[in-house]
Amino acid sequence: VNEPLLAALREVVGPAHVLTEPDVRAGYEVDWTGRWRGSAEAVVRPGNVAEVAAVLGASAAAGVTVVPQGGNTGLVGGGVPRADAVSQIVLSLVRLDERGRVDGGAAQVSAGAGVTLTQLQAHAGAAGLMFAVDLTARQSATVGGMVATNAGGLHVLRYGSMRAQVVGIEAVLADGSVLSRMGGLVKDNSGYDLAGLLCGSEGTLAVVTGARLRLWPRPTHRVTALLGLADLPGALSVLSRLRSLDTLEAVEVMFDDGIELVCAHAQLAAPFSQPHPCVLVVECAGLDDPTNDLAGVLSGCPEVLDTAVASDSGGRQRLWSWREAHTEAVNALGIPHKLDVSLPAQRMAEFEGEVRALVTSVALGSRLVLWGHLGDGNLHVNVVGPPPDDESVDEAVLRLVADLGGSISAEHGIGVAKRRWLSLTRSSADVAVMTAVKRAFDPTGMLNPGVLLPAGR
Ligand code: MLT
Ligand code: ZN
């Protein structure tokens with residue numbers, strides 16, 4: 001135990017916010033899946049930006065590395081301590097939960113890194129606007145973590161991912177200086193887009209402490225449809241016709257084995273009177289009721305074999321329930337290998353067929369559950385069975401993705417989980433530039449080492 005460091009940290013944030021008891025630290029030291037864990041000297045919870053800077057200063061002086069953490073809903077091990085680090089702290093940003101006044105004229109709001117997605121959505125909603133990113137972990141995921149991972153979620157096809165919502169950012173650099181562009185300028189071509197660069201930087205370049213965020217008109221009407229289909233190619237041709245709807249917000253895909261698993265786990269009834277191999281959740285929203293337009297498109301889709309529609313909130317929530325329960329249902333089976341990948345649209349169907357055959361042959365007896373954000377070409381490949389440290393299935397699936405022109409991470413990030421394979425889908429020129437950027441921001445490598453960039457960078 002590094003007593004001088006702990007004393008310095010207590011001086012900065014107060015003794016109540018330097019957590020050292022093993023059972024209090026425990027929840028911060030393991031990720032949600034149980035696959036990634038490590039041990040920290042302390043979990044430190046600063047209450048403002050100056051304290052964040054001082055914590056970084058004390059850590060640098062002590063030669064201790066820093067793992068920034070938001071709501072700890074990440075899935076690639078990037079927000080929990082490294083198993084092999086000598087001395088590290090977890091820097092929890094949850095106390096930075098300030099919400100600024102919603103600026104209706106600009107349709108923007110400032111939020112601290114610790115504001116949860118649910119809180120942000122409620123805050124924007126109370127002012128008659130909407131924060132557009134949505135994801136199942138909304139109750140715990142925080143603004144800082146969502147910026148640092150460039151979170152995606154359910155609405156990317158209409159509004160873009162987190163990066164598209166970020167107008168400005170506030171972040172503390174490794175040397176303690178504060179980067180702040182929170183003035184809300186929509187047009188700002190005065191040099192490099194540092195806010196954009198920090199989106200998706202996974203805590204390796206700076207500690208995000210707040211963001212200026214774009215808001216959207218809040219749709220007054222919403223309709224959700226669950227569609228039963230024979231296969232993914234059919235679903236893709238429905239998707240291409242749905243794209244004509246300017247109210248289209250979500251097109252999510254699931255498969256019969258995943259739905260069966262979810263029904264057993266969450267004690268849900270089957271969605272249709274007979275099972276369908278492939279099921280889509282489609283949602284449209286607008287200032288006018290989009291139901292008729294959606295029905296019009298679907299009536300021209302012979303691939304759709306079964307339909308359930310709801311526009312009231314209870315009914316819509318029910319139609320989302322099978323989709324939203326997937327993550328928990330898979331975790332209940334055992335520690336999953338979570339491979340979040342994207343493919344070019346025209347290779348999606350090929351990938352689905354090939355990945356099923358591949359997983360069967362590489363991880364005999366394992367269970368594969370697929371689902372994802374079809375509208376974004378993003379599938380979540382979840383494999384349960386192989387022990388967490390047996391990465392042969394990860395390797396095989398990610399190589400297949402690379403061969404088909406995809407990305408090894410669509411939205412979860414690289415983290416610890418995929419750094420070995422970064423160069424599968426990023427060129428050596430890409431990795432060299434990223435390494436140079438990392439060195440420029442964090443020359444001593446104190447911020448989230450072991451994440452994103454290959455070992456030795
Ligand atoms: C999802 O879309 O369900 C999330 O990315 C979480 C997950 O992949 O488990
Ligand atoms: Zn997802």
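Everything discussed here concerns the structure shown above.
Procedures and definitions
- Residues numbered from 1 in each chain as written.
- Chains lettered and ligands numbered in written order.
- Predicted model: local features only at pLDDT ≥ 70, side-chain atom pairs only at ≥ 80, totals over all residues.
- Heavy atoms only, no water.
- Near = heavy atom within 4 Å.
- Polar contact = N/O pair within 3.5 Å; in protein donor to acceptor, adjacent residues only side chain to side chain.
- Areas by Shrake-Rupley, 256 points an atom, 1.4 Å probe, with all protein chains shown as cover.
- Nonpolar A, V, L, I, M, F, W, Y, C, P; charged D, E, K, R; others polar.
- Buried < 20%, exposed > 50% of the residue type's maximum accessible area, 1.4 Å probe, protein only.
- Helix = DSSP H or I, 4+ residues; strand = E, 2+ residues; numbered from the N terminus.
- Pairing = 2+ DSSP bridges.
- Axes fitted to C-alpha atoms, helices over the stretch in contact; angles between N-to-C directions.
- Parallel < 35°, antiparallel > 145°, perpendicular 65-115°, else oblique.
- Left-handed = near helix turned anticlockwise from the far one by under 90°.
- Contact = heavy atoms within 4.5 Å.
- Donors = N, O, S within 2.8 Å, 3.2 Å for Na, K, Ca; no water.
- Patch = residues over 30% accessible without salt bridge, like charges linked within 9 Å, V, L, I, M, F, W, Y side chains within 5 Å.
- Salt bridge = Lys/Arg side-chain N within 4 Å of Asp/Glu carboxyl O.
- Lys, Arg positive; Asp, Glu negative; His and termini not counted.
- Charge placed at Lys NZ, Arg CZ, Asp CG, Glu CD.

Trainee: Before we go on, may I ask you to explain the site of ligand 1 in this structure?
Mentor: Close contacts around ligand 1 come from Leu75, Arg323, Thr327, Lys338, Trp371, His373, His380, Glu411 and His412, and that covers them all. A distance of 2.9 Å separates an oxygen atom of ligand 1 from a polar side-chain atom of lysine 338. Histidine 380 places a polar side-chain atom, nitrogen or oxygen, 3.0 Å from an oxygen atom of ligand 1. The protein chains hide 87% of the 260 Å² of surface that ligand 1 would expose on its own. For the shell around ligand 1, the residue count by class is two nonpolar, four polar and three charged.

Trainee: Even after reading the chapter, I still don't get the pairing of strand E16 (residues 367-373), so can you show me in this structure?
Mentor: Buried residues dominate E16, accounting for six of its seven residues. Where E16 and strand E17 (residues 378-384) come together, seven bridges link them in antiparallel fashion. Note on E17: the bridge partner recorded for tryptophan 371 is histidine 380. Connecting the antiparallel pair E16 and E17 is a turn made up of four residues, with glycine 377 showing a positive phi of about 65 degrees.

Trainee: Which parts of the structure should I look at to understand the packing of helix H9 (residues 232-242) against helix H14 (residues 348-362)?
Mentor: In a packed pair of helices, the relevant descriptors are the angle between the two axes and the axis-to-axis distance. Two elements in contact, H9 and H14, have axes separated by 9 Å at closest approach and are oriented at 155 degrees. Here H14 runs roughly antiparallel to H9, going by the angle between their axes. For the pair H9 and H14, the sense of crossing is right-handed. Where H9 approaches H14, its residues Leu232, Pro233 and Leu236 are matched on the opposing element by Met348, Ala349 and Glu352. Among the residues forming the contact of H9 with H14, the class breakdown is five nonpolar, no polar and one charged.

Trainee: Just checking my understanding: could you explain the coordination of the zinc ion (ligand 2) for this structure?
Mentor: Where a metal carries four tetrahedral donors, each ideal angle is 109.5 degrees; where it carries six octahedral donors, the ideal angles are 90 or 180 degrees. The coordination sphere of the zinc ion (ligand 2) contains the protein donors His373 (NE2), His380 (NE2) and Glu411 (OE), at a distance range of 1.8 to 2.1 Å. Given a relative accessible area of 2%, histidine 373 falls into the buried group. By relative accessible area, glutamate 411 is classed as buried at 13%.

Trainee: Hey, could you run me through a negative patch on the surface in this one?
Mentor: Together, Asp246, Asp288, Asp289 and Asp293 make up a negatively charged patch on the protein surface. Along the chain, the position of aspartate 293 falls in helix H11 (residues 291-299). Assessed through its relative accessible area of 48%, aspartate 293 is described here as partly exposed.

Purely geometric numbers; function is a separate question.
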